[in-house]
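Okay, here's what each chain looks like letter by letter:
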Amino acid sequence: MRSLWVVILAVLSAAAAVAVVLHLSLDESLGHERAAILSGVVGCVLAAGTLHRLIVVRIRRLVRGLDEVAGGDLSTRLSSRWDDEIGLLTTNIDELLLTLRENFEELRTHDELRRRMVANVSHELRTPLTSIQGYLETALAGDGDWEEERKKLEVCHRETKRLARLVKDLFQLSKLDTDQLEFHFETVSLVELADQVGLAFEQRFADKRIDFVTDLPDDRLDVIADGNRLGQVITNLLGNAAVFTPEGGSIRLRCRRTEGQAVCEVIDTGIGISARDLPHIFDSFFHLEKSRTRNLGGTGLGLAICKAIVETHQGQMEVESQEGDGATFRFLLDLAPEIDLD
Ligand SMILES: Nc1ncnc2c1ncn2[C@@H]1O[C@H](COP(=O)(O)OP(=O)(O)OP(=O)(O)O)[C@@H](O)[C@H]1O
Ligand SMILES: [Mg+2]
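Predicted model only: the values in this text are computed from it and were never measured.

Moving on: the packing of aromatic side chains. Following the criterion strictly, the structure yields 4 aromatic pairs and no others. When the centroid spacing of 5.7 Å and the interplanar angle of 15° are considered together, the rings of phenylalanine 183 and phenylalanine 185 count as stacked. Overall, the relative accessible area of 43% leaves phenylalanine 185 in the partly exposed class. With a centroid separation of 6.2 Å and an interplanar angle of 90°, the aromatic rings of phenylalanine 282 and phenylalanine 329 are classed as edge-to-face. With a gap of 47 residues between them, phenylalanine 282 in the loop between strand S5 (261-268) and helix H7 (289-293) and phenylalanine 329 in strand S7 (residues 327-334) connect regions that are remote in the sequence. Judged by its relative accessible area of 16%, phenylalanine 282 is buried. Three or more aromatic residues link up through ring pairs in this structure, and these residues are Phe201, Phe205 and Phe212. Residue placement shows arginine 229 over the ring face of phenylalanine 183; its charged tip is 5.4 Å from the ring centre.

It is worth spelling out the site of ligand 1 at this point. Taken together, the neighbourhood of ligand 1 is formed by 19 residues, with Arg165, Asn240, Thr299, Gly300 and Leu303 sitting nearest. With respect to ligand 1, the side chain of aspartate 268 contributes an N or O atom lying 2.9 Å from a nitrogen atom. Between ligand 1 and leucine 303, the relevant distance is 2.8 Å, taken from an oxygen atom to a main-chain nitrogen or oxygen of the residue. Taken together, the elements giving at least two residues each to the shell around ligand 1 come down to helix H6 (227-244) and helix H8 (302-312). Of the residues belonging to the shell around ligand 1, the class tally is 9 nonpolar, 8 polar and 2 charged.

Packing of H6 against H8 brings their axes to within 9 Å, and their N-to-C directions diverge by 145°. Remark: the crossing between H6 and H8 carries left-handed chirality. Listed contacts from H8 to Arg229, Gln232, Val233, Asn236, Leu237 and Asn240 of H6 are Gly302, Leu303, Ile305, Cys306, Ile309 and Val310. The residue inventory of the contact of H6 with H8, partitioned by class, reads 7 nonpolar, 4 polar and 1 charged.

In this section: the domain arrangement of the protein chain. Think of interface size as the accessible area that goes away when the parts come together; that is how it is often given. Parsing the protein chain into structural domains produces domain 1 (4-101), domain 2 (116-177) and domain 3 (186-334). Computed over C-alpha atoms, the centres of domain 2 and domain 3 are 28 Å apart. Listed by partner, the interface residues are 13 residues for domain 2 and 15 residues for domain 3. Both faces combined, the contact of domain 2 with domain 3 buries some 1,100 Å², and carbon together with sulfur accounts for 61% of it. A per-residue breakdown of the area domain 2 buries against domain 3 is headed by Gln172, Leu173 and Leu176, which together make up 39% of the total. Linking domain 2 with domain 3 are 0 salt bridges. Contributions of two or more residues to the side of domain 2 that touches domain 3 are made by helix H3 (85-141) and helix H4 (146-177).

Moving on to unusual backbone geometry. Even without being a glycine, arginine 209 presents a positive backbone phi close to 50°. Position of arginine 209 relative to the elements: it lies in the loop between helix H5 (190-207) and strand S2 (211-215). One non-glycine residue, glutamine 314, lies in positive phi territory at about 60°. Residue placement: glutamine 314 occurs in the loop between H8 and strand S6 (316-321).

Now for the sheet that holds S7. The mixed open sheet is built from 5 strands, whose spatial order is S2-S4-S5-S7-S6. Edge strands, defined here as strands with exactly one partner in the open sheet, are S2 and S6. Looking at each pair of strands side by side, their axes are set apart by 15° on average, direction ignored. Sitting on the sheet, H5 is in contact with S2, strand S4 (250-258), S5 and S7, with an inclination near 180° to S4. This element, H8, spans S6 and S7 of the sheet and lies at about 140° to S6.

Time to look at the pairing of S4. In the case of a regular strand, side chains alternate between the two sheet surfaces. Here 5 bridges tie S2 to S4, and the two strands are oriented parallel to one another. Note that in S4 the partner of phenylalanine 212 across the bridge is isoleucine 251. In the sheet, S4 pairs with S5 via 8 bridges, with the strands oriented antiparallel. Following the sheet pairing, arginine 257 is matched in S5 by alanine 262. Here S4 folds back onto S5 in antiparallel fashion, the turn holding 2 residues, of which glycine 260 has a positive phi close to 70°.

To continue, consider the pattern of salt bridges. Going through the model one piece at a time under the given rule, you end up with 21 salt bridges. Here glutamate 124 and arginine 162 are joined by a salt bridge, their closest N and O atoms 4.0 Å apart. With glutamate 124 in helix H3 and arginine 162 in helix H4, the pair connects residues that are 38 residues apart, well separated along the chain. You can call glutamate 124 buried: its relative accessible area is 5%. In this structure arginine 162 comes out as partly exposed when scored by relative accessible area, which is 27%.

Calculation criteria
Residues numbered from 1 in each chain as written. Chains lettered and ligands numbered in written order. Predicted model: local features only at pLDDT ≥ 70, side-chain atom pairs only at ≥ 80, totals over all residues. Heavy atoms only, no water. Phe/Tyr/Trp six-rings, centres within 6.5 Å; stacked < 30°, edge-to-face > 60°. Buried < 20%, exposed > 50% of the residue type's maximum accessible area, 1.4 Å probe, protein only. Helix = DSSP H or I, 4+ residues; strand = E, 2+ residues; numbered from the N terminus. Lys NZ or Arg CZ within 6 Å of the ring centre and 35° of its normal. Near = heavy atom within 4 Å. Polar contact = N/O pair within 3.5 Å; in protein donor to acceptor, adjacent residues only side chain to side chain. Nonpolar A, V, L, I, M, F, W, Y, C, P; charged D, E, K, R; others polar. Axes fitted to C-alpha atoms, helices over the stretch in contact; angles between N-to-C directions. Left-handed = near helix turned anticlockwise from the far one by under 90°. Contact = heavy atoms within 4.5 Å. Domains from an automatic or database assignment. Buried area = accessible area lost by both parts, 1.4 Å probe. Salt bridge = Lys/Arg side-chain N within 4 Å of Asp/Glu carboxyl O. Pairing = 2+ DSSP bridges.

Written out as structure tokens, the structure is:
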């Protein structure tokens, strides 16, 4: 590394050399002492000028750059061509600024997400509350026709249930986001779990005339998991498939093994998801426009919760779909280490 001291020594030596040359050339005309003083002064002025450029000017540039940063301009770059101490300091400050810029961007994204979340929660809470209020007011102002009042109260009841579910889901999602939801991990057979959850859906699919197939291997596919939470994921995926697959369609619940991992997938022949919507499908409160207008009901938190649960198991959640051509949702988990009983 070219040290600043080496440069300073080089400058001082050059200035001394200039002084000696000057001294020799002035010696005869001015006399020995005067020539020596004059040459010394010229050498010092030269050395001071060069050192000023080398150190003070660069430090001043550094301070000016930091002033810009302090003024809020995080795009400032202080880059230095030198690799002496000041150059090193400049590079370190530049790296610090880069980290600062990245952290700032991350904070901005979080803030944006938080704002969107608050707006979504307020919207989702306001809609059912407004309709409950409206129905109760007309029921109270009604002429006592019990059948009419009853219909209004039924709507209120339905909306209250929706609100209660929304609050429960939000509570769960916020606990998942902050790692506060308790998980009880143990060895769980993914195949047995999928079989149980699938059984609970058979009647619902039969009622909707959907052809439901469970495609499970002989293998147990043991994973280390919280069975209840994982069951909730499969329930959510089958529930979505049931809602978004029209009558006459088919749904397949399949478990299989890949390299070191267990895979569970729900494959449907329903309405599918467009390429534009696909990247946002696991976002909280995401609804496709179609499902909103058709009023298919949900709160839009189910898939966000599924993804958070799977990620708490160190697993991956995936989706493949094309608009109008069905969807496949799957999660992958590491297989539990096999215990050798011999
Ligand atoms: N199998 C699927 N086929 C087509 N679209 C789907 C499917 N699963 C989910 N979606 C789309 O993704 C959106 C978000 O799904 P998610 O499960 O998060 O919420 P939801 O079902 O609307 O409500 P919730 O599950 O909270 O009751 C759905 O509203 C729907 O538009
Ligand atoms: Mg859902």
